[in-house]
Amino acid sequence: MKLQAFLPLVTYTDPNSDAVAANATAVAALLGADLGVLAVNVTIPQVSNALSRFLIDVPDMIRQAETTSRKHGERLIAAVEAAGKAAGVAVSAETIAESQPLLSATAALQARYHDIVLIGLEEGNPTSRTTAESVVFGSGRPVVLLPETVDAGAFDHVAIAWDGSRVAARAAADARPFLARAKKVSVLTVADEKKLVVEDGARLAESLRRGGIEAEAAVLHGKGAAVARTLQDGAKERGCGLLVMGGYGHSRVRDFVMGGATEGVLKSLSMPVMLSH
């Protein structure tokens, strides 16, 4: 079965950078996946107040905002199609217009019809972060976060953040397409982050080896640093191109409370990270 990857493109208010095109197609090529691209453009309800039209021409401002959003989407789709052609990835693209409050929710809904989601996450771009949060917790699909400052490589060496939890186990299972293509896997446990049985990392590594995957366990000591920083730094020091983590969120309503590691990754992403909730 051929994997179907999905790339939602942020166009408003802060659009994705063009770096997402090369990074997303590189990951799709690695997985041998088709890439479905969706530009989520904004549509803004017209304001009927006569005074606002007379004083500041709100209808014209609305048209300009919608036009700018649409142009961002067209530019990004063209960049992805060009990168896909160069990488031998089949790209299918479409656009959808939605009101601003529903932009991120629309991306999460559309992601459910694919196997894996790729998202460009840029520092200082709140729109891309809101979209990432919505897709991670609302799509039911594993999500690979791609920073604009790092080129997505071959992912020959993959790191798994492990604390023995259900969410971590789900992430490890969802990462199988990457693990099967990796030459090496490192199971990383942060020993001083919370009470853990350190041997659990070794048990997961042993389980992966039984499945034919070269794997080893490593214990990281954060020494007071944020766990997300400790995991990303530890993964990069070992030459890992991808970090796999469980996405922690707790709430019965949409305004969830994120776990510290998940919050840290979304706030400061320094390498490609796959989150699975």
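Everything below is about the structure shown above.
These remarks concern the structure in this document. Quick caveat: nothing in here was measured; it's all calculated off a predicted structure.

Rules used in this analysis
- Sequence order as written defines residue numbering, which begins from 1 separately in each chain.
- Local features in this predicted model are restricted to residues whose pLDDT is 70 or higher, and side-chain atom pairs enter the listing and the counts only when it is 80 or higher, whereas totals over whole chains, interfaces and linings include all residues.
- With hydrogens and water excluded, all non-hydrogen atoms of the structure serve as input to the side-chain values.
- Think of it in three bands: with a 1.4 Å probe and only protein chains considered, a residue is buried below 20% of the maximum accessible area for its type, exposed above 50%, and partly exposed in between.
- Each helix is a run of H or I in the DSSP string that is no shorter than four residues. Each strand is a run of E no shorter than two, and both are numbered from the N terminus.
- The arc in question is traced by the directions running from the helix axis to the C-beta atoms.
- Working rule for contacts: check all heavy atoms of both residues, and any pair within 4.5 Å makes them a contact.
- The working definition used for a salt bridge is a side-chain nitrogen of Lys or Arg within 4 Å of a carboxyl oxygen of Asp or Glu.
- Nonpolar cores are built from buried Ala, Val, Leu, Ile, Met, Phe, Trp, Tyr and Cys residues. Side-chain atoms within 4.5 Å join them into one set.
- An expected span of 1.5 Å times one less than the residue number is assigned to each helix.

### What about helix α6 (residues 166-174)?
Burial in α6 covers these residues: Val167, Ala168, Ala171, Ala172 and Asp174. Around the axis of α6, the buried residues are gathered within 165° of arc, so they sit on the same side. Where α6 is buried, its residues touch β6 (157-161), α7 (176-181), β9 (242-246) and β12 (273-276).

### With respect to the pattern of salt bridges
Close approach of charged atoms allows side chains with opposite charge to pair. Evaluated as defined, the whole model comprises eight salt bridges. In this structure, the salt-bridge partner of Arg129 is Glu133, at a minimum N-O distance of 2.6 Å. Of this pair, Arg129 and Glu133 are both found in helix α5 (residues 126-138), four residues apart, which corresponds to roughly one turn of the helix. A relative accessible area of 16% means that Glu133 is categorised as buried. Of the charged contacts in the structure, one is a salt bridge between Asp233 and Arg229, with a shortest N-O distance of 3.4 Å. Linking Asp233 with Arg229, this pair stays in helix α9 (residues 227-237), spanning four residues, or about one helical turn. Under the relative-accessibility criterion, Arg229 is labelled partly exposed at 27%. One network of salt bridges, with partners in common, ties together Arg129, Glu133 and Glu263.

### Some details on the nonpolar core
Counting 47 residues, the largest nonpolar core has Leu7, Leu35, Leu118, Phe178 and Leu208 as the members making the most contacts within it. Counting residues per element, this core draws most heavily on helix α1 (residues 19-31), at six residues. Excluding its chain neighbours within four sequence positions, the residues that come into contact with Leu118 are Ala5, Phe6, Leu7, Pro8, Ala24, Val27, Ala28, Leu35, Val144 and Leu146. With 39 residues, the next largest nonpolar core counts Ala107, Ala161, Leu231 and Ala235 among its residues.

### Some points on α1
If you check α1, its first and last C-alpha atoms are 19 Å apart, about what 13 residues at 1.5 Å a residue would give, namely 18 Å. Restricting attention to buried positions, one finds in α1 the residues Val20, Ala21, Asn23, Ala24, Thr25, Val27, Ala28 and Leu31. Positive backbone phi, approximately 65°, marks Gly32, located one or two places after α1.

It is worth stressing that arrangement in space is one thing and function is another; only the former is reported here.
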